[in-house]
Amino acid sequence: MSTSPEDTKPVQDETKRDFLYLTAASMGAVAAGSVVWPLVDQMNPSADTLALSTTEADLSAVQEGQSITVMWRGAPVFIRRRTVTEIEEARAVDVSTLRDKETDEQRAKRPEWLIMTGICTHLGCVPLGQKQGDQKGEYGGWFCPCHGSHYDTAGRIRKGPAPKNLVIPPYEFLTETTIKIG
Amino acid sequence: MASGKREQFENPVVEWVDSRLPIFTMMQKEYGVFPTPKNFNYFWNFGAIAMFMLITMIVSGIVLAMHYTAHSTLAFDSVEHIMRDVYYGWLLRYIHANGASFFFIAVYIHLYRGLYYGSYKKPRELLWILGVAIFLLMMATAFMGYVLPWGQMSFWGAQVITSFFSAIPGVGESIVVWLRGGFSLDNPTLNRFFSLHYLLPFVIVGVVFLHIWALHVTGSNNPEGVEPKTKKDTLPFHPYYTMKDTFGLMAFVTIYAVFVFFFPNSLGHADNYIPANPIVTPAHIVPEWYFLPFYAILRAFTFGVNAYLLVGLGLAAVAFYPLFTKKKGSEISLILMAGIMVFSGAFLLAGYFSQLELDSGAKALVLPYSDAFVDAKLCGVLAMFGSIALLFVLPFLDTHPVRSARYRPWFKIGVLLLVVDVAILTVCGAKPAEGFWVPLSQVSMLYYMGFFVVGIPFLSKFEPIRDLPKSIHQSVLAKPQKIVVKG
Ligand code: HEM
Ligand code: FES
């Protein structure tokens, strides 16, 4: 090269320094990230917890108007064999007036069986309404006593602080009277 | 700390150590001769008391951990084993359980002292912020400790508090699963809480060290809120304040001991003596008393933010904006501010009532576009964390040059009402969220937030600046002295 070393060198050096700083810093960030990630990820559900992720339930003993509670992944699942009036009530609602807009058809694969996790979508209490004589709230479904959320006969939030309907877990009917949740 | 000339110690062992590691010199400087304002009242005892409580918690906690088992099937029984079988186990547990309450009592008084006498102001902003950080760490520690006995309140309290994070849009549910280490609250949760409950107190010790370091840079504030100027204003820490602190501590510990020995369960909940049951929620979930005001704020949001509330808040921000600028007080048009406030108020009320559900389930006020886009749950969680965040930014909200409420009559009224307000919130937090308690907690929350966000900046601009005493010494002498001469 013909340019004198005096006036090019400092400039070249500076960009070279920047390059070195940047690569060093980004390698450092990658290294730090790869150390931090295992520390963060270990807190996720472990393999044995994940392995317990399905449960089967026998529904043969459940009469119309009765409910049972089964445990799935450590949390209660409500299974209710609904009465005809309950189904009618749930279907008569104008969906556009609801907070979390879902039709009854979207929530129950078979209208008779309503299957949902029994965890209030507000802050996680277990709503009342499974047992005979429980308070069922103003919509005849479930009532969460913690902060007063009312759910209707399709488990949809109708009144109170909860933002969402009771969650429908993935489930399928294995036979007419057994289901697999999860 | 080591710089400067070191005085020699007479004791040869002390001298040998000190010349190699000047720890005795440091103690002498920071706790022996440390110049301390001479006009402290008893409110200045609570820092030392809080320090004592922290040590008490660590000592009692470590011995409890020798007998405690962090497993969901064994935890409850191991606590009962501590109570019944371990020598003095009952005492250690009651010291620890009631100690948490008394630690909070000390810290709340300590914090309020700072608020009242303006200790958060320049140059003590960082000192204050470190203090709020300690408070936050304490809340996390106490919450996780309360989960350890794995009773019904432990379980459901943890259920509700970990559920807070589900309010975060999008990733909320995954965060909750990550925090719990499972799809529901279970053994993994208990284990990590024990690990963190063991760790955090030592983090607190670290922050306390920084807090005291910062204190020893600026020196203490005092009830008059004027800085010491001459030697006449201060006293050496020892023996004056070592004695006063010891006396105050003894009084405090006496009351604490009365609870430990005579009313050990009066501050807790009977439900926590029922083993955790994931399918039955207790009829009434209540956190420990020291969390009640924040719990009340969480539940005060029975409504979300809709378009009307947003416009109302926007207008309020416009009206209050001048409070946050450098302009002098007199240049702000109060009339204009009031005008905008009226509109803002109208929108806020419309927003509130269009969200309010009547007993029939219908809305109190039917308006178009009144659906909430930030739901009530998220609002509640944000407000709760916000109420603590406000304490962090307080030093920057308050620009009034006078520190102590003694010389700020307007501020004094506001800050005294804050005590009443927080007391009301405490009661609201303990009551079921229904009927009359809901609007009461809403109004109280409004005062709490308003005091910091609007009240403090407003007073910073408009509260007259009064003459302060020339010095601490002078103000002490100026007080009418009752001198009783006994014959
Ligand atoms: C900032 C300091 C601390 C606070 C505020 C605190 C708070 C609490 C609270 C509120 C409980 C529940 C008490 C009950 O109802 O039984 C608890 C339990 C417990 N804590 Fe701490 N704690 C602190 C420090 C420590 C330390 C340093 C340890 C050491 C490992 C520890 C170990 C335990 C154990 C083993 C339990 C379960 C036994 C029991 O429930 O009595 N704690 N803590
Ligand atoms: S947890 Fe159900 S209403 Fe709050």
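Given the structure is predicted, the values throughout are model-derived calculations rather than measurements.

Asks: Quick question: what am I supposed to make of the overall build of chain A here?
Replies: Across its full length, chain A carries four helices and nine strands. The C-alpha radius of gyration computed for chain A amounts to 28 Å, which surpasses the reference 16 Å derived for 182 residues by more than 25%, pointing to a less compact arrangement than a globule. With respect to the three principal axes, the spread of C-alpha positions in chain A is 95 × 40 × 30 Å. Considering chain A as a whole, with its 182 residues, one finds that 38% of them fall into the buried category. In chain A, the proportion of contacts linking residues at least 24 apart, taken out of those at least 6 apart, comes to 53%. Roughly 10100 Å² of accessible area belongs to chain A as shown, and the carbon and sulfur atoms make up 58% of that amount. Looking at chain A, you have 20 positive and 24 negative side-chain charges, and the mean spots of the two groups are 4 Å apart.

Asks: Would you explain helix H4 (residues 75-84) of chain B in this entry?
Replies: Since the α-helix turns once every 3.6 residues, residues separated by three or four places project in the same direction. All names here are of chain B. Along H4, seven of the 10 residues are buried, which leaves the element largely enclosed by surrounding structure. All of the buried residues along H4 are Ala75, Phe76, Ser78, Val79, Glu80, Ile82 and Met83. The secondary structure elements touched by the buried residues of H4 are helix H3 (46-65), helix H5 (89-116) and helix H9 (187-218).

Asks: What am I meant to see in the site of ligand 1 here?
Replies: All names here are of chain B. Near ligand 1 lie 24 residues; those nearest to it are Arg93, His96, Pro149, His197 and Tyr198. Side-chain polar atom of histidine 96 to a nitrogen atom of ligand 1: 2.8 Å apart, as the coordinates give it. Those elements that place two or more of their residues in the shell around ligand 1 are H3, H5, helix H6 (125-147) and H9. Ranked by residue count, the leading element in the shell around ligand 1 is H3, at six residues. By residue class, the composition of the shell around ligand 1 is 18 nonpolar, five polar and one charged.

Asks: Teacher, can you tell me more about the environment of lysine 101 of chain A here?
Replies: Following the sequence through the fold, lysine 101 of chain A ends up in the loop between helix H3 (84-92) and helix H4 (104-107). For the pair lysine 101 of chain A and isoleucine 157 of chain A, spaced 56 residues apart in sequence, the C-alpha to C-alpha distance is 9.5 Å. Ignoring anything within four residues of it in the chain, the contact list for lysine 101 of chain A reads Val95, Ser96 and Gln106 of chain A together with Asp371 of chain B. In this structure the side chain of lysine 101 of chain A is engaged in a polar contact, spanning 2.8 Å, whose partner is the backbone oxygen of leucine 98 of chain A.

Asks: Would you mind going over the sheet that holds strand S7 (residues 157-159) of chain A with me for this structure?
Replies: Hydrogen bonding along the main chain pairs the strands of a sheet, whether they run parallel or antiparallel. Residue and element names in this part refer to chain A. On the basis of which strands lie adjacent, the open sheet formed by three strands has the order S5-S6-S7 and antiparallel pairing. Lying at the two open borders of the sheet, with one neighbouring strand each, are strand S5 (140-144) and S7. Here the strands of the sheet are splayed against their neighbours by 35° on average, with no regard to which way each runs. Bridge count for strand S6 (residues 149-152) against S7 is two bridges, and the pairing is antiparallel. Looking at S7, one finds that tyrosine 151 is bridged to isoleucine 157.

Asks: So what exactly am I meant to see when it comes to the packing of H5 of chain B against helix H10 (residues 237-262) of chain B here?
Replies: All names here are of chain B. Their axes nearest at 9 Å, the elements H5 and H10 cross at an angle of 135°. Here H5 lies oblique to H10, going by the angle between them. Considering only the axes of H5 and H10, their crossing is right-handed. Contact residues: H5 offers Trp90, Leu91, Tyr94, Ile95, Asn98, Gly99, Phe102, Ile105 and Ala106, while H10 offers Phe252, Ile255, Tyr256, Phe259, Val260 and Phe261.

Asks: Just to check I follow, could you spell out unusual backbone geometry for this structure?
Replies: Among all residues save glycine, negative phi is the norm, and among peptide bonds the norm is trans. Residue and element names in this part refer to chain B. Cis geometry is found at the peptide bond from lysine 122 to proline 123, where omega equals 5°. On the secondary structure map, proline 123 appears in the loop between H5 and H6. Note the cis peptide between histidine 238 and proline 239, where omega equals 5°. Checked against the element boundaries, proline 239 lands in helix H10. Residue tyrosine 88 is not a glycine yet carries a positive backbone phi of 60°.

Asks: Would you mind going over the state of the cysteines with me for this structure?
Replies: Covalently bonding the sulfur atom of one cysteine to the sulfur atom of another cysteine gives a disulfide. Here the structure, examined in full by the defined rule, presents one disulfide over all chains. Between the sulfur of cysteine 125 of chain A and that of cysteine 146 of chain A lies a disulfide, 2.0 Å long from S to S. Here the S-S torsion is close to -95°, and the disulfide linking cysteine 125 of chain A with cysteine 146 of chain A is therefore left-handed. Within this pair, whereas cysteine 125 of chain A is found in the loop between strand S4 (113-117) and S5, its partner cysteine 146 of chain A is found in the loop between S5 and S6, the two being separated by 21 residues in sequence. Residue cysteine 125 of chain A is classed as buried on the basis of its relative accessible area, which comes to 1%. The thiol of cysteine 379 of chain B is not disulfide-bonded; the next cysteine sulfur, from cysteine 120 of chain A, is found 17 Å away.

Asks: So what exactly am I meant to see when it comes to the sheet that holds strand S3 (residues 75-81) of chain A here?
Replies: Residues and elements named next belong to chain A. One open sheet holds the three strands; their spatial order is S2-S3-S4, and the pairing between them is antiparallel. Of all the strands in the sheet, the pair left with one neighbour each is strand S2 (67-72) and S4. Across the sheet, the mean angle from the axis of one strand to that of its neighbour is 20°, orientation sign disregarded. Taken together, the six bridges between S2 and S3 define a ladder with antiparallel strand orientation. Looking at S3, one finds that valine 70 is bridged to valine 77.

Asks: For this particular structure, what's the right way to read the domain arrangement of chain A?
Replies: A common way to report how large an interface is uses the accessible area buried once the components associate. When cut into domains, chain A gives domain 1 (1-44) and domain 2 (49-181). When each unit is reduced to the centre of its C-alpha atoms, the spacing between domain 1 of chain A and domain 2 of chain A is 56 Å.

Asks: It is not clear to me how the domain arrangement of chain B should be interpreted in this structure. Could you clarify?
Replies: Residue and element names in this part refer to chain B. Assigned domains of chain B: these are domain 1 (37-289) and domain 2 (294-473). Centre-to-centre, using C-alpha coordinates, domain 1 lies 28 Å away from domain 2. The tally of links between domain 1 and domain 2 comes to three salt bridges. At the junction of domain 1 and domain 2, the tally comes to 18 residue pairs in polar contact (both at pLDDT 80 or more). Contributing elements (two or more residues each) for the side of domain 1 that touches domain 2: H5, H6 and helix H7 (152-163). Broken down by element, the side of domain 1 that touches domain 2 gets its largest block of residues, eight residues, from H6. Within the side of domain 1 that touches domain 2, the residues separate by chemical class into 28 nonpolar, nine polar and 10 charged.

Asks: Any chance you could explain the interface of chain A and chain B here in plain terms?
Replies: Facing 31 residues of chain A, the contacting portion of chain B comprises 30 residues. Buried surface at the junction of chain A and chain B, both sides included, amounts to about 2400 Å², of which 61% is carbon and sulfur. Put simply, chain A and chain B have zero salt bridges between them. Sorting the residues of the side of chain A that touches chain B by element identifies helix H2 (47-51), S2, S3 and S7 of chain A as the ones contributing at least two each.

Asks: Could you clarify how one ought to interpret the nonpolar core in this entry?
Replies: Among soluble globular proteins, nonpolar side chains are generally buried collectively. Counting 119 residues, the largest nonpolar core has Tyr68 and Phe452 of chain B as its most contacted members. Examining the composition of this core, we find that 14 residues originate from one element, H6 of chain B, more than from any other. Look past the residues within four positions of phenylalanine 452 of chain B in its chain and what remains in contact with it is Leu115, Leu390, Leu391, Leu394, Leu397, Leu418 and Pro457 of chain B. One finds Val62, Val70, Ile115 and Ile181 of chain A within the second-largest nonpolar core, a separate group that totals 13 residues.

Cut-offs applied
- Residues numbered from 1 in each chain as written.
- Chains lettered and ligands numbered in written order.
- Predicted model: local features only at pLDDT ≥ 70, side-chain atom pairs only at ≥ 80, totals over all residues.
- Heavy atoms only, no water.
- Helix = DSSP H or I, 4+ residues; strand = E, 2+ residues; numbered from the N terminus.
- Rg over C-alpha atoms; globule rule 2.2 N^0.38 Å.
- Buried < 20%, exposed > 50% of the residue type's maximum accessible area, 1.4 Å probe, protein only.
- Contact = heavy atoms within 4.5 Å.
- Areas by Shrake-Rupley, 256 points an atom, 1.4 Å probe, with all protein chains shown as cover.
- Lys, Arg positive; Asp, Glu negative; His and termini not counted.
- Charge placed at Lys NZ, Arg CZ, Asp CG, Glu CD.
- Near = heavy atom within 4 Å.
- Polar contact = N/O pair within 3.5 Å; in protein donor to acceptor, adjacent residues only side chain to side chain.
- Nonpolar A, V, L, I, M, F, W, Y, C, P; charged D, E, K, R; others polar.
- Pairing = 2+ DSSP bridges.
- Axes fitted to C-alpha atoms, helices over the stretch in contact; angles between N-to-C directions.
- Parallel < 35°, antiparallel > 145°, perpendicular 65-115°, else oblique.
- Left-handed = near helix turned anticlockwise from the far one by under 90°.
- Disulfide = S-S within 2.5 Å.
- Domains from an automatic or database assignment.
- Salt bridge = Lys/Arg side-chain N within 4 Å of Asp/Glu carboxyl O.
- Buried area = accessible area lost by both parts, 1.4 Å probe.
- Core = buried A, V, L, I, M, F, W, Y, C linked by side-chain atoms within 4.5 Å.

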